[in-house]
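Spelled out from the first residue to the last, the chains are:
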Amino acid sequence: MNKNTRIIAESLKKRNRSESTFRLMGLLGIISAISFLVIILTSIINEGKKAFVSTQIKLDIFFDSKILDPSNSGKITEIENANYQTLIKASLLNFFPDVKTRNDQRDLLSMISSSEQENLMRTLTNDISLMNTKKEFWLKSSSKYDVINKNPEMIDFAEEDRLISNQQLFWFNELKKDNRVKFGFNKIFFTAADSTEPEQAGIWGSVMGSFFTLFVTLLLSFPIAVAAGVFLEELAPKNRFTHFIEVNINNLAAVPSIIFGLLGLAIFLNVMHLPRSAPLVGGMVLALMTLPTIIIATRASLKAVPPSIREAAIGMGATKMQTVTHHVLPLSMPGISTGTIIGMSQALGESAPLLMIGMVAFIVDVPESFLDSSTVLPVQIYLWKSTAARGFVELTAAGVLVLLTFLILMNSFAIIIRKKFEKKW
């Protein structure tokens, strides 16, 4: 083997080693990314699934007319305003007759969520024949007992590190021994808005807020972005001015989202005096943020249409506008739709611009219009995460699962549209 051949052989070995090392590093990077993703998702799922169930305690409630209707008037208004807490307290004391002091009775009563008083009232007003009768009810426990029941390892904590005292833990264990404690589906999480009490907090208010906000975003951004993309790609003359606009649109796609929030705060709230924390304003801010994404997707989809389509249409006598609207634009709609859905997915996951316009407010009612005060899913997750109560940890993880579900569905829908309608040229 001569010298040149030996040099070439050594060079090939070195190049093959470098290529093998590069492939190995790439494979390790992919494995590491997947591993971290699995770890994150596993931890979120393990914590979030706890929010989908709630601890329920079985009590025998006696609807005593002396408490609920002392004047024996039979008026619904008087029954609605009665003290149903006394009924729950009487049922608990009947099970724990040794509880005498006021403090102990208060601690015992804290076992049941305060929302159950209203539920008992509704049950009685819907069926007044329950008056002066006893009936078993599975009542939702308060958050502290719910957390202990879902995390049994906390029972071994020192009393000062536990959410409930030793006495309260004894009462709870006695109920469990009597088969009066179970897990039930947490319907409240999917039907209620936010609350200061974890066991009463739900995500439906933020879901509706996200729906109204994204509807406004789509209504504003889609037609404007498509029109702008068509104009720049098909109709506008190619000069320095249009080039300047194109460069700035590309730059806007990389601007931090909080800048759009500051813009919305300055214009929509301080100048136009639109209602703070309303989906209308949130949708307008997110529309500004989404416009560059849809414009870029529109232009890319228009470029993908072969020039022969345009030439054939013009050759048949169509005008420039007819060529665009009747032939080019319909053929590019799958790509435009995909870009729009991706832009909307990005808007759904944004919280920074909405924080700037006041959508971080604590909202206890489900919004019913575009002008009602509301919050959105990412902001709701942020609010729960920043709350000190231990019960909100599970709600935070469950909120992340709901948000991820919507994002996965939207992106899957975009992929389906692209696969179904895209054309091979």
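Residues numbered from 1 in each chain as written. Predicted model: local features only at pLDDT ≥ 70, side-chain atom pairs only at ≥ 80, totals over all residues. Heavy atoms only, no water.

Focus on the overall build of the chain
Using the following cut-off: A helix here means a DSSP run of H or I that spans at least four residues, while a strand means a run of E at least two residues long, and both kinds are numbered starting from the N terminus. Atoms counted for the radius of gyration: C-alpha only. Globule rule: 2.2 Å times the number of residues to the power 0.38. Whether a residue is buried, partly exposed or exposed follows from its accessible area with a 1.4 Å probe, protein chains only, as a fraction of its type maximum: under 20%, in between, or over 50%, in that order. In this description, accessible areas are obtained by the Shrake-Rupley approach with a 1.4 Å probe, and a residue is regarded as covered only by the protein chains that are shown. Note that His is not counted, nor are the chain ends; the positive residues are Lys and Arg, and the negative ones are Asp and Glu. Positions of charges follow a simple convention, taking NZ of Lys, CZ of Arg, CG of Asp or CD of Glu.
Each helix and strand in the chain was counted, giving 18 helices and three strands. Against the compact-globule benchmark of 22 Å for 425 residues, the chain has a radius of gyration of 31 Å, which places it well outside the compact range. With the C-alpha coordinates of the chain rotated into their principal frame, the extents come out at 95 × 70 × 40 Å. In the chain, buried positions account for 41% of the 425 residues. Accessible surface for the chain amounts to roughly 23,300 Å². Of this, 62% is attributable to carbon and sulfur atoms. Charge centroids of the chain, computed over 42 positive and 36 negative side chains, lie 13 Å from each other.

Some points on the packing of aromatic side chains
Where we set the bar: In this scheme Phe, Tyr and Trp rings, the latter by its six-membered ring, pair at centre separations within 6.5 Å, and the angle between planes marks the pair as stacked below 30 degrees, edge-to-face above 60, and tilted otherwise.
On inspection of all chains with the given rule, the structure shows 13 aromatic pairs. Relative to Phe 137, the ring of Phe 63 lies with its centre 5.8 Å away and its plane at 80°, an arrangement referred to as edge-to-face. With Phe 63 in the loop between strand E1 (53–62) and helix H2 (65–68) and Phe 137 in strand E2 (residues 134–140), this pair connects stretches of sequence that are 74 residues apart. Here Phe 63 and Phe 137 have matching classes, each one buried. Look at Phe 189 and Trp 384: their rings are 6.3 Å apart centre to centre, the planes differ by 35°, and that puts the pair in the tilted class. Here Phe 189 is found in helix H9 (residues 187–191), whereas its partner Trp 384 is found in helix H17 (residues 377–385), with 195 residues between them in sequence. Across the pair, exposure class does not vary: Phe 189 and Trp 384 are buried alike. Put simply, the rings of Phe 52, Phe 185, Phe 189, Phe 190 and Trp 384 pair up and form one aromatic cluster.

Looking at the environment of Thr 338
Using the following cut-off: Pairs of residues are marked as contacts when any of their non-hydrogen atoms sit within 4.5 Å.
Within the element layout of this structure, Thr 338 appears in helix H15 (residues 320–348). Ignoring any residue separated from it by four or fewer positions in sequence, one finds Thr 338 in contact with Ala 414, Ile 417 and Arg 418.

Side note on the side chain of Thr 340
Within the secondary structure, Thr 340 is located in helix H15. For Thr 340, a relative accessible area of 6% gives the class buried.

Considering unusual backbone geometry
Here Asn 132, not a glycine, exhibits a phi torsion of approximately 65°, which is positive. Counting through the fold element by element, Asn 132 comes out in the loop between helix H6 (115–126) and E2. Despite not being glycine, Ser 277 shows a phi value in the positive range, around 65°.

What to know about the nonpolar core
Formally: Think of a nonpolar core as a cluster: buried Ala, Val, Leu, Ile, Met, Phe, Trp, Tyr and Cys residues, connected wherever their side-chain atoms sit within 4.5 Å.
Counting residues in each nonpolar core, the largest one holds 36 residues, and the members touching the most others are Phe 189, Ile 203, Leu 354, Ile 357, Leu 377, Trp 384 and Leu 395. Every element with two or more residues in this core is listed here: helix H10 (204–235), helix H12 (257–269), helix H13 (279–304), H15, H17 and helix H18 (391–421). If we skip the residues at most four places from it in the chain, Ile 357 touches Gly 261, Gly 264, Leu 265, Leu 269, Arg 276, Ser 277, Val 281, Gly 282 and Val 285. Core analysis: the next-biggest nonpolar cluster, separate from the first, contains 34 residues, Leu 59, Val 99, Leu 108 and Val 147 among them.

Looking at the pattern of salt bridges
Using the following cut-off: We count a salt bridge whenever a side-chain nitrogen from Lys or Arg sits within 4 Å of a carboxyl oxygen from Asp or Glu.
Taken as a whole and judged by the stated rule, the model has 13 salt bridges. When the shortest N-O distance is used, the salt bridge between Asp 178 and Arg 180 registers 2.7 Å. Overall, Arg 180 belongs to the buried group, its relative accessible area being 12%. For Arg 299, the salt bridge goes to Glu 233, with nearest N and O atoms at 3.0 Å. With Arg 299 in helix H13 and Glu 233 in helix H10, this residue pair connects regions lying 66 residues apart in the sequence. Take Arg 299: its relative accessible area is 13%, and that puts it in the buried class. When salt bridges with common partners are traced through the structure, they connect Glu 47, Lys 50, Asp 146, Lys 150, Arg 390 and Glu 394 into a single cluster.

Remarks on the packing of H17 against H18
Counted only if it meets this: Throughout, an axis means a line fitted to C-alpha atoms (over the contacting stretch in the case of helices), and angles, computed between N-to-C directions, take values from 0 to 180 degrees. Note that the term roughly parallel is reserved for angles under 35 degrees, roughly antiparallel for angles over 145, roughly perpendicular for angles of 65 to 115, and oblique for everything else. A crossing counts as left-handed when the near helix is turned anticlockwise from the far one by less than a right angle, and as right-handed when that turn is clockwise. Think of it as three bins: nonpolar holds Ala, Val, Leu, Ile, Met, Phe, Trp, Tyr, Cys and Pro, charged holds Asp, Glu, Lys and Arg, and polar takes everything else, Gly as well.
Between H17 and H18, whose axes approach to 8 Å, the crossing angle comes to 165°. By the angle between their axes, H17 is roughly antiparallel relative to H18. Here H17 and H18 pass one another in a crossing that is left-handed. Each of Leu 377, Pro 378, Ile 381, Trp 384 and Lys 385 in H17 lies in contact with H18, whose residues at this interface are Phe 392, Leu 395, Thr 396, Gly 399, Val 400, Val 402, Leu 403 and Phe 406. Class assignment for the residues of the contact of H17 with H18 results in ten nonpolar, two polar and one charged.

Observations regarding a nonpolar patch on the surface
Test applied: By definition, no residue in a patch forms a salt bridge, and every one has over 30% relative accessible area; like charges are joined within 9 Å, nonpolar side chains (Val, Leu, Ile, Met, Phe, Trp, Tyr) within 5 Å.
Together, Phe 211, Phe 215, Leu 219, Leu 220, Ile 224, Phe 370 and Leu 371 give the surface a local cluster of nonpolar side chains, amounting to about 660 Å² of exposed area. Its location among the elements puts Ile 224 in helix H10.

Considerations on H17
The buried fraction of H17 is high, at seven of nine residues. Of the positions making up H17, those classed as buried are Leu 377, Pro 378, Val 379, Gln 380, Ile 381, Leu 383 and Trp 384. Packed against the buried residues of H17 are H9, H10, H15, helix H16 (352–356) and H18.

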